[in-house]
Amino acid sequence: LEETLRDMGVPFETEDDLRRRGTAKTPDVLLLTPVGMKVRKRRGREKVEVGDDTVARLEDRFAEATVVDDSGMGLGEDHAEKDNGYGEDEDGYEWKMICWIDSKALFGDVETHTDSVLPQAEGYVHRFGPGLVLYWFGHAPSDRLDDCFGDVTVLGGDLPESFLLPTGEVVGRGGRVLDFED
């Protein structure tokens with residue numbers, strides 16, 4: 001995690017740095033400046049009226065949920081067949097700001113995420129702003145994992161390929177400066 005962020009030129013403090021400063025609650029990495037990360041927009045999060053057929057469609061999607069990898073797709077599934085609630089077109093993406101990253105060397109199942117990881121992440125949100133929980137071994141479908149009202153982004157597998165810096169530059173692995181559309 002730290003090596004990749006250094007390689008990308010993203011400034012941060014480590015958990016050890018934060019503890020030396022006396023910070024009580026510490027994510028793995030506190031970014032020295034907020035950065036943007038490109039994520040797929042999640043459908044089905046809008047408010048709906050009771051009785052709206054959208055509720056029934058969402059319940060059907062939850063019933064069909066499968067384990068997903070970092071692309072939001074079911075593990076072992078053909079990505080062209082199912083999108084698990086994420087848009088696939090150009091307009092299906094947005095930039096989300098993050099201020100910290102906490103990585104977990106485990107699979108993010110619903111129970112562990114809800115009972116253990118999310119309360120910890122909520123503390124980071126209150127102290128540092130929105131952030132990223134990175135499950136190195138994948139996670140349950142994103143629409144079954146609470147995102148703290150959009151303040152906690154959940155990824156599985158690896159860091160994003162690029163970050164948007166406050167300067168407007170988009171940096172990728174190896175410190176490459178990318179086009180905004182990448």
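What you see is a predicted model; the values in this text were computed from it and never measured.

Cut-offs used in this document
- Residues numbered from 1 in each chain as written.
- Predicted model: local features only at pLDDT ≥ 70, side-chain atom pairs only at ≥ 80, totals over all residues.
- Heavy atoms only, no water.
- Helix = DSSP H or I, 4+ residues; strand = E, 2+ residues; numbered from the N terminus.
- Buried < 20%, exposed > 50% of the residue type's maximum accessible area, 1.4 Å probe, protein only.
- Salt bridge = Lys/Arg side-chain N within 4 Å of Asp/Glu carboxyl O.
- Core = buried A, V, L, I, M, F, W, Y, C linked by side-chain atoms within 4.5 Å.
- Contact = heavy atoms within 4.5 Å.
- Phe/Tyr/Trp six-rings, centres within 6.5 Å; stacked < 30°, edge-to-face > 60°.
- Lys NZ or Arg CZ within 6 Å of the ring centre and 35° of its normal.
- Pairing = 2+ DSSP bridges.
- pLDDT = per-residue confidence, 0-100.
- Bend = angle between axes of the 7 residues up to and from the residue.
- Polar contact = N/O pair within 3.5 Å; in protein donor to acceptor, adjacent residues only side chain to side chain.

A positive phi angle is found at Cys 148, which is not glycine, with a value near 55 degrees. By the secondary structure assignment, Cys 148 is in the loop between strand S4 (131–135) and strand S5 (152–156). By relative accessible area, Cys 148 is classed as buried at 9%.

Per the counting criterion, the structure on display carries 7 salt bridges. Among the salt bridges present, the one from Asp 17 reaches Arg 20, with a minimum N-O distance of 2.7 Å. One end of the pair is Asp 17 and the other is Arg 20, both in helix H2 (residues 15–20) and 3 residues apart, which spans about a single turn. Since its relative accessible area comes to 24%, Asp 17 is described here as partly exposed. Within this structure, Asp 158, Glu 161 and Arg 173 form a network of salt bridges that share partners.

A few words now on the nonpolar core. Leu 5, Val 10, Leu 31, Ile 98 and Phe 163 are the most contacted members of the largest nonpolar core, which totals 18 residues. Secondary structure elements with two or more residues in this core: helix H1 (2–8), strand S2 (29–40), strand S3 (93–104) and S4. Among the elements that take part in this core, S2 stands out by supplying 5 residues, more than any other. In contact with Leu 5, not counting residues within four places along its chain, are Val 10, Phe 12, Val 29, Leu 31, Ile 101, Leu 159 and Phe 163. Within the second largest apolar cluster, 17 residues are counted, among which are Tyr 124, Phe 128, Tyr 135 and Ala 140.

Moving on: the packing of aromatic side chains. Tallying each qualifying case throughout the model produces 1 aromatic pair. On the numbers, 5.2 Å between centres and 70 degrees between planes, the contact of Trp 100 with Tyr 124 is edge-to-face. Here Trp 100 is found in strand S3, whereas its partner Tyr 124 is found in helix H4 (residues 110–128), with 24 residues between them in sequence. We note that Trp 100, like Tyr 124, is buried. Of note, Lys 38 hangs over the ring of Tyr 93, and the distance from its end group to the ring centre comes to 5.5 Å.

Before going further, it helps to examine the pairing of S4. Within S4, 5 of the 5 residues are buried, which leaves it mostly tucked inside the rest of the structure. What you see with S4 is no split at all: Gly 131, Val 133 and Tyr 135 on one side and Leu 132 and Leu 134 on the other are buried throughout. The pairing of S4 with S5 spans 5 bridges and is classified as parallel. By the bridge assignment, Leu 132 is partnered in S5 with Thr 153.

Right, let's get into the confidence of the model for the protein. On average, residues of the protein score 77 in pLDDT, and 70% of them are at 70 or above. Of all secondary-structure elements in the protein, the lowest mean pLDDT belongs to helix H3 (residues 53–63), at 46, while strand S1 (residues 12–14) reaches the highest, 96. Below a pLDDT of 50 lies the segment residues 45–51, which in the model reaches 6 contacts outside its immediate sequence neighbourhood of four places, other chains included. Counting contacts from residues 54–89, a segment whose pLDDT is below 50, to residues more than four positions away or on other chains yields 70 contacts.

Time to look at H4. Along its length, H4 reaches its greatest deviation from straightness, about 45 degrees, at Val 117, and the proline Pro 119 lies no more than four positions downstream. For H4, the set of buried residues is His 113, Val 117, Leu 118, Ala 121, Gly 123, Tyr 124, Val 125 and Phe 128. In this structure, the buried side of H4 is in contact with S2, S3, S4 and S5. A side-chain oxygen of the first residue of H4 lies 3.1 Å from the backbone nitrogen of Glu 111; this N-cap is Asp 109.

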